[in-house]
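# Descriptive structure summary
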Amino acid sequence: MMRIEQINTDKMKLIFATNNKHKLEEVAQLLTGQFQLITLAEAGIHADIPETADTLEGNAALKSRFVFERTGLNCFADDTGLEVEALNGAPGVYSARYAGEKCSFADNVNKLLHEMQDKDNRAAKFRTVISLILDEKEYFFEGVVDGEITREVHGADGFGYDPVFKPAGFDKTFAEMTLEEKNKISHRARAVEKLVSF
Ligand code: IMP
């Protein structure tokens, strides 16, 4: 019979299908203990992974399946969108390309602030969907955090829309938080927690 000590030393290897170093840093801090996180580079994948679906679930699945088809290994991917109430849920699944193809995080933030300049309703949420492929089966986990869009940028940490997103119950944006603080409440952390407990 296998002893517990032996089981614990055999960490579960999971490839995280992302080229975003910020996401990797966040998730690496959350997935410790029984997991060994493998990056795309470590898995020998250097291609750009397509994100052409029109839902977060669809894009997350495209990314995890892309990696699974090339490696045959357990893997997961996340897709995240910022859903702004006054913009009928935009930019949503198009959050990465809101200001156009090849735009920067700053371009997206500036466009969002411009679109929101006359809006009193600032309510927004970040939604992350994780697609996990484990032993050839696919599972989904969702994490959501409610908050509001600020009127100016605040803070220099984080990435993407972090400088204009203030989570509910806090007086600072994600970009004013440490990684540890963001990881206690964020959309991505909540989805990863579900994956871990699964
Ligand atoms: P992706 O398609 O999941 O990579 O995310 C789409 C876009 O959403 C990214 O390019 C970022 O601009 C934004 N985004 C994703 N996650 C976060 C986050 O945790 N904070 C701020 N922006 C994010």
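Residue positions are given per chain, counting from 1 as you read along its sequence in written order. Reporting in this predicted model follows two pLDDT cut-offs: at least 70 for local features of residues, and 80 or more for side-chain atom pairs to be given and counted; totals over whole chains, interfaces and linings ignore these cut-offs and use all residues. Hydrogens are left out, water is left out, and the side-chain values use all remaining heavy atoms of the structure.

## Considerations on the pairing of strand 2 (residues 35-38)
The side chains of a regular strand alternate between both faces of the sheet. How we decide: Strand pairing is defined by DSSP finding a minimum of two bridges between the two strands. Strands here mean DSSP runs of E at least two residues long; helices mean DSSP runs of H or I at least four residues long; both are numbered from the N terminus. Look down the strands so they point away from you; if the path from the first strand over the helix to the second goes clockwise, the crossover is right-handed.
Pairing analysis gives four bridges linking strand 1 (residues 12-16) to strand 2, with the strands arranged parallel. Residue Lys-13 lies in a different strand from strand 2, and its bridge partner there is Gln-36. Regarding topology, helix 2 (residues 21-30) serves as the crossover connection from strand 1 to the parallel strand 2, and that connection is right-handed.

## Here we look at the packing of aromatic side chains
In this description, a pair of aromatic rings is defined by centroid distance and the angle of the planes. Our working definition: Each pair of aromatic rings taken from Phe, Tyr and Trp, with Trp reduced to its six-membered ring, is defined by centres within 6.5 Å and is described as stacked if the planes are under 30 degrees apart, edge-to-face if over 60, and tilted in the remaining cases. Note on classification: 1.4 Å probe, protein chains only; a residue is buried when its accessible area is under 20% of the maximum for its type, exposed when over 50%, partly exposed between these limits. Any Lys NZ or Arg CZ that is within 6 Å of a ring centre and within 35 degrees of that ring's normal is treated as a charge sitting over the ring.
If you walk through the whole model with that rule in mind, you get seven aromatic pairs. Ring geometry for Phe-16 against Phe-76: centres 4.6 Å apart, planes inclined by 10°, an arrangement best described as stacked. Here Phe-76 lies in strand 3 (residues 75-84) and Phe-16 lies in strand 1, a separation of 60 residues in the sequence. The exposure classification of Phe-16 matches that of Phe-76, with both residues buried. Centroid distance Phe-141 to Phe-198: 5.4 Å. Interplanar angle 55°. Geometry classified as tilted. Pair noted here: Phe-141 is in strand 6 (residues 137-149) and Phe-198 is in the segment after helix 6 (187-197), with a separation of 57 residues, a long-range link. Every member of this aromatic cluster is reached through a ring pair, and the members are Phe-126, Phe-165 and Phe-174. Lying over the aromatic face of Tyr-98, Lys-111 brings its terminal NZ or CZ to 4.5 Å of the ring centre.

## Details of the pairing of strand 5 (residues 123-134)
The element strand 5 is extensively covered by neighbouring structure, given that ten of its twelve residues are classed as buried. Here ten bridges tie strand 3 to strand 5, and the two strands are oriented antiparallel to one another. From the neighbouring strand, Phe-76 faces strand 5, where its bridge partner is Leu-132. Examined bridge by bridge, strand 5 and strand 6 share twelve bridges and lie antiparallel to one another. Opposite Ile-133, over in strand 6, you have Glu-138 as the bridge partner. Where strand 5 folds back on strand 6, the antiparallel hairpin that results is connected by two residues, among which Asp-135 adopts a positive phi of roughly 50°.

## Some points on helix 3 (residues 56-71)
For clarity, the cut-off: One less than the number of residues in a helix, times 1.5 Å, gives the span that helix is expected to have. Contacts between residues were defined by any pair of non-hydrogen atoms, one from each residue, lying within 4.5 Å.
End to end, helix 3 covers 23 Å across 16 residues, agreeing with the expected 22 Å (1.5 Å per residue, within 8%). Here helix 3 has its buried residues at Leu-56, Asn-59, Ala-60, Ala-61, Lys-63, Ser-64, Phe-66 and Val-67. Of the surrounding secondary structure, the elements contacted by the buried residues of helix 3 are strand 1, helix 2, strand 3, strand 5 and strand 6. In the segment just after helix 3, Gly-72 is the residue with positive phi, at about 70°.

Purely geometric stuff here, so don't read any function into it on its own.
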